[in-house]
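Remarks on the overall topology
Single-letter residue listing:
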Number of protein chains: 4
Amino acid sequence: MAAPEIDHESPTPVYRQIAAVIIADIESGTLPVNRRIPSEASLVQRFGVARETVRNAVRFLREEGHVCTVPQRGTYVRDRSKGED
Amino acid sequence: MAAPEIDHESPTPVYRQIAAVIIADIESGTLPVNRRIPSEASLVQRFGVARETVRNAVRFLREEGHVCTVPQRGTYVRDRSKGED
Amino acid sequence: MAAPEIDHESPTPVYRQIAAVIIADIESGTLPVNRRIPSEASLVQRFGVARETVRNAVRFLREEGHVCTVPQRGTYVRDRSKGED
Amino acid sequence: MAAPEIDHESPTPVYRQIAAVIIADIESGTLPVNRRIPSEASLVQRFGVARETVRNAVRFLREEGHVCTVPQRGTYVRDRSKGED
DNA sequence: GTGGTCTAGACCACC
DNA sequence: GTGGTCTAGACCACT
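Heads up: these notes are all about the structure in this document. (Residues numbered from 1 in each chain as written. Chains lettered and ligands numbered in written order. Predicted model: local features only at pLDDT ≥ 70, side-chain atom pairs only at ≥ 80, totals over all residues. Heavy atoms only, no water.)

**Description of the overall build of chain A**
Across its full length, chain A carries three helices and two strands. Mapped in sequence order, the helices and strands of chain A form the string α-α-α-β-β. (Helix = DSSP H or I, 4+ residues; strand = E, 2+ residues; numbered from the N terminus.)

So, in structure tokens, the structure goes:
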């Protein structure tokens, strides 16, 4: 099976569910500020979804200001303590 | 021809007959709580009716509290065990 | 062949080239403010690319503030005369 | 073994030998102006050298003005007909 | 081994 | 017939 935390029957899109899991990891401190989040490839593995779905999740996190992506380097947890949107 | 369960000669509107079939599926457990009901397209196929008729049936189910519709995601069987209207 | 205006050998990504064509249409007045731009499907046809590539182009236009997308309705040329980024 | 055109015993550095082969391809028209040169990976394959060596060769070509590199897109044969250095 | 781009398909809700 | 989501692959530059 895929990941237990993902419900493909849910009205919430899978990419949003993945984003929510990552946000929870950020807010719990499992993913501290300036730490790199897992790579797209490993998120594909972990959640058992297509890469595009993972990219949608990461794009959503980026648009919401939770992370920033540095091409070729990774995606990092943003420091939101100052100047949030 | 259409589906055997639909009687186009009946005084009961077709959309109500379709709604009744779906309600029966819900109450029998064929459609469990929080499960998405079949897509509009498949209901059109199954009952041999126009899209608008299916939409009327679903709107009726929604107004009666049997289902709830989540924008962009589908229509889901509501949990009526807790007694909000 | 695809569209003459797209060069798949160019260092500029195809989705950016498509965005540039649409921006040119906006700036020349071919696509006036509040007009809907062509649908994703027709852009796929016109440029001979995958839908994902068209979506990347439209997302880029959206991020740059040239258009706004209304789900299920289309993507519209934004009025940038006031309050641009 | 490596490629026949590379002589690891030569006093000429390998990266220079690789650069020379690519320059020959450019001047013979095998690699036309504005065409992307082969990817790093394929040059590694073709010449049987380390990645870093290929990168050195490409950097040399760039510094000598034979090619220009566009971030994220590749390295392209420059048009030298117009005489900027 | 990272993200960027691209292909070629699919099903869906909603209009 | 519109955009939203998803799959399952591919090649690439750059670190």
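Now that the structure has been shown, the text picks up again.
**Re the packing of helix H2 (residues 40-47) of chain A against helix H3 (residues 51-63) of chain A**
All names here are of chain A. At a minimum axis distance of 9 Å, the contact between H2 and H3 shows a crossing angle of 110 degrees. The angle between H2 and H3 falls in the class roughly perpendicular. The way H2 lies across H3 gives a crossing that is right-handed. Touching Glu40, Leu43 and Val44 of H2 are Arg51, Val54, Arg55 and Val58, all from H3. (Axes fitted to C-alpha atoms, helices over the stretch in contact; angles between N-to-C directions. Parallel < 35°, antiparallel > 145°, perpendicular 65-115°, else oblique. Left-handed = near helix turned anticlockwise from the far one by under 90°. Contact = heavy atoms within 4.5 Å.)

**Things to note about the protein's contact with DNA strand E**
Taken together, the neighbourhood of DNA strand E is formed by 32 residues, with Glu40(A), Arg51(A), Val14(C), Thr53(C) and Arg73(C) sitting nearest. For DNA strand E, the backbone portion of the atoms within 4 Å of the protein, that is sugar and phosphate, comes to 68%. Within the side chain of Arg51(A), an N or O atom sits 2.8 Å from a base nitrogen of DNA strand E. Put simply, the parts of the chain that give the surface near DNA strand E at least two residues each are H3 and strand E2 (74-77) of chain A, helix H3 (51-63) and strand E1 (67-70) of chain B together with helix H1 (14-27) and helix H3 (51-63) of chain C. Looking at the surface near DNA strand E residue by residue, the class counts come to eight nonpolar, 12 polar and 12 charged. (Near = heavy atom within 4 Å. Polar contact = N/O pair within 3.5 Å; in protein donor to acceptor, adjacent residues only side chain to side chain. Nonpolar A, V, L, I, M, F, W, Y, C, P; charged D, E, K, R; others polar.)

**Notes on the pairing of strand E1 (residues 67-70) of chain C**
Residue and element names in this part refer to chain C. For E1 and strand E2 (residues 74-77), the ladder comprises four bridges, and the chain directions are antiparallel. In the sheet register, Val70 faces E2, and the bridge partner there is Gly74. Here E1 hands over to E2 after three residues, with Gln72 in that stretch at a positive phi of 70 degrees. (Pairing = 2+ DSSP bridges.)

**A look at the environment of Cys68(B)**
Residues and elements named next belong to chain B. Summarising the element assignment, Cys68 is placed in strand E1. In this structure the C-alpha to C-alpha distance between Cys68 and Val58, which are 10 residues apart in sequence, comes to 9.2 Å. Setting aside anything within four residues of it in sequence, one finds Cys68 in contact with Gly74, Thr75, Tyr76 and Arg78.

**Digging into the pattern of salt bridges**
Note on pairing: side chains with opposite charge can pair once their charged atoms come close. Residues and elements named next belong to chain A. Per the counting criterion, the structure on display carries 10 salt bridges over all chains. Here Arg55 ties to Glu40 by a salt bridge, and the two come within 2.9 Å at their closest N and O atoms. Taken together, the positions of Arg55 in helix H3 and Glu40 in helix H2 put the pair 15 residues apart, joining distant regions of the chain. We classify Glu40 as partly exposed; its relative accessible area is 22%. Within the structure, one salt-bridge network assembled from shared partners comprises Glu40, Arg51 and Arg55. (Salt bridge = Lys/Arg side-chain N within 4 Å of Asp/Glu carboxyl O. Buried < 20%, exposed > 50% of the residue type's maximum accessible area, 1.4 Å probe, protein only.)

**Let's talk about the protein's contact with DNA strand F**
Taken together, the neighbourhood of DNA strand F is formed by 31 residues, with Val14(A), Thr53(A), Arg73(A), Arg51(C) and Ser39(D) sitting nearest. Tyr15(A) has a polar side-chain atom sitting 3.1 Å from a phosphate oxygen of DNA strand F. The separation between a phosphate oxygen of DNA strand F and a polar side-chain atom of Thr53(A) is 2.6 Å. Where the surface near DNA strand F is concerned, the elements lending two or more residues are helix H1 (14-27) and H3 of chain A, H3 and E2 of chain C together with helix H3 (51-63) and strand E1 (67-70) of chain D. No other element matches the three residues that H3(A) contributes to the surface near DNA strand F.

**Topic: the side chain of Thr75(B)**
As for its placement among the helices and strands, Thr75(B) is situated in strand E2 (residues 74-77). When residues no more than four places from it in sequence are discounted, the contact partners of Thr75(B) are Arg35(B), Arg36(B), Ile37(B), Val58(B), Val67(B), Cys68(B) and Thr69(B).

**Comments concerning a negative patch on the surface**
On the surface, a cluster of negative charge is contributed by Glu63(A), Glu64(A), Glu63(C) and Glu64(C). The topology assignment puts Glu64(A) in the loop between H3 and strand E1 (67-70). With a relative accessible area of 36%, Glu64(A) lands in the partly exposed category. (Patch = residues over 30% accessible without salt bridge, like charges linked within 9 Å, V, L, I, M, F, W, Y side chains within 5 Å. Areas by Shrake-Rupley, 256 points an atom, 1.4 Å probe, with all protein chains shown as cover. Lys, Arg positive; Asp, Glu negative; His and termini not counted. Charge placed at Lys NZ, Arg CZ, Asp CG, Glu CD.)

**Some remarks on the packing of aromatic side chains**
All names here are of chain C. Under the definition given, this model contains four aromatic pairs over all chains. Each ring, one from Tyr15 and one from Phe60, has its centre 6.2 Å from the other, and the planes form 75 degrees; the classification is edge-to-face. Taken as a pair, Tyr15 in helix H1 and Phe60 in helix H3 lie far apart in primary sequence, 45 residues in all. In this structure Phe60 comes out as buried when scored by relative accessible area, which is 14%. (Phe/Tyr/Trp six-rings, centres within 6.5 Å; stacked < 30°, edge-to-face > 60°.)

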